[in-house]
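Single-letter residue listing:
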Amino acid sequence: MTISELLEELKQVDPETYEALRNYPLYVSGDEALSVDLPSSRNQTLVEDGLQGCIQRACERYGWELEQNYRTRGRNGVLPKNMRHYAVVTSWDNDVHTYHGMGNSATEALLAAYVAAVKEAKR
């Protein structure tokens, strides 16, 4: 899934965090502010940093552990490009539950793991 698709999914499963993301101010030059609603903006790095920060704080609110990794190769020595970034969200509610996300960027992997964790927590 793309970041835009994951944001749409987040909007459905965790509106509070989605609104925090939408209202996250990203200041570039002067007082010009961007919104994280613009993942395709020319300031992609700032947008992705804002997304990661909001998701990390959301994990903290839930008391979930978060791990991120960048892989250079798989077990057989080959790793598809979309699997290079990897994130794991772990919940300790009554038992250990882990949710994995992979993507073309650290932000995409983190958002995928978080959305999976929230979906399961709401069941």
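What you see is a predicted model; the values in this text were computed from it and never measured. (Residues numbered from 1 in each chain as written. Predicted model: local features only at pLDDT ≥ 70, side-chain atom pairs only at ≥ 80, totals over all residues. Heavy atoms only, no water.)

Visitor: Is there a simple way to explain the environment of arginine 73 in this structure?
Guide: Along the chain, arginine 73 turns up in the loop between β3 (65–70) and β4 (85–91). Of the residues examined, arginine 73 reaches a relative accessible area of 58% and is grouped as exposed. (Helix = DSSP H or I, 4+ residues; strand = E, 2+ residues; numbered from the N terminus. Buried < 20%, exposed > 50% of the residue type's maximum accessible area, 1.4 Å probe, protein only.)

Visitor: Quick question: what am I supposed to make of the sheet that holds β3 here?
Guide: In sheet architecture, strand pairing relies on hydrogen bonds along the backbone and comes in two forms, parallel and antiparallel. Judged by pairing direction, the sheet is antiparallel, and its 3 strands sit side by side in the order β3-β4-β5 without closing on themselves. With partners counted over all chains shown, the strands left at the sheet margins are β3 and β5 (97–103), one partner each. The mean angle between the axes of side-by-side strands here comes to 15°, regardless of whether they run parallel or antiparallel. Direction of pairing for β4 relative to β5: antiparallel, over a ladder of 7 bridges. If you follow tyrosine 86 over to β5, its bridge partner there is methionine 102. In this fold helix α4 (residues 106–121) packs onto β3, β4 and β5, with an angle of close to 145° to the strand it touches most, β5. (Pairing = 2+ DSSP bridges. Axes fitted to C-alpha atoms, helices over the stretch in contact; angles between N-to-C directions. Contact = heavy atoms within 4.5 Å.)

Visitor: Explain the nonpolar core to me, please; I cannot follow it from the model alone.
Guide: Among soluble globular proteins, nonpolar side chains are generally buried collectively. In terms of nonpolar packing, the biggest core is built from 26 residues, with Leu7, Leu10, Ile55, Trp64, Leu111 and Tyr114 touching the most fellow members. Element by element, the count of residues in this core is highest for α4, at 9 residues. (Core = buried A, V, L, I, M, F, W, Y, C linked by side-chain atoms within 4.5 Å.)

Visitor: Even after reading the chapter, I still don't get the pattern of salt bridges, so can you show me in this structure?
Guide: Any two side chains of opposite charge can pair, given that their charged atoms come close. If you walk through the whole model with that rule in mind, you get 2 salt bridges. Among the salt bridges present, the one from glutamate 9 reaches lysine 119, with a minimum N-O distance of 2.0 Å. With glutamate 9 in helix α1 (residues 3–13) and lysine 119 in helix α4, the pair connects residues that are 110 residues apart, well separated along the chain. Using a relative accessible area of 36% as the deciding quantity, one classes lysine 119 as partly exposed. Measuring nitrogen to oxygen at the nearest pair gives 3.7 Å for the salt bridge that ties arginine 123 to glutamate 120. (Salt bridge = Lys/Arg side-chain N within 4 Å of Asp/Glu carboxyl O.)

Visitor: Where do I start with the environment of valine 13 in this structure?
Guide: Along the polypeptide, valine 13 turns up in helix α1. By relative accessible area, which is 13% here, valine 13 ends up buried. Distance in space between the C-alpha atoms of valine 13 and lysine 119 is 6.2 Å, their sequence separation being 106 residues. Look past the residues within four positions of valine 13 in its chain and what remains in contact with it is Val115, Val118, Lys119 and Lys122.

Visitor: What's the story with the packing of α1 against helix α3 (residues 44–62) in this structure? I'm lost.
Guide: Packed helices, taken two at a time, are described by the angle between their axes plus the distance between the axes. Where α1 meets α3, the closest approach of the two axes is 13 Å, and the angle between their N-to-C directions is 35°. As α1 packs across α3, the resulting crossing turns out to be left-handed. Listed contacts from α3 to Ile3, Leu7 and Leu10 of α1 are Gln44, Glu48, Leu51 and Ile55. Considered class by class, the residues forming the contact of α1 with α3 number 5 nonpolar, 1 polar and 1 charged. (Left-handed = near helix turned anticlockwise from the far one by under 90°. Nonpolar A, V, L, I, M, F, W, Y, C, P; charged D, E, K, R; others polar.)

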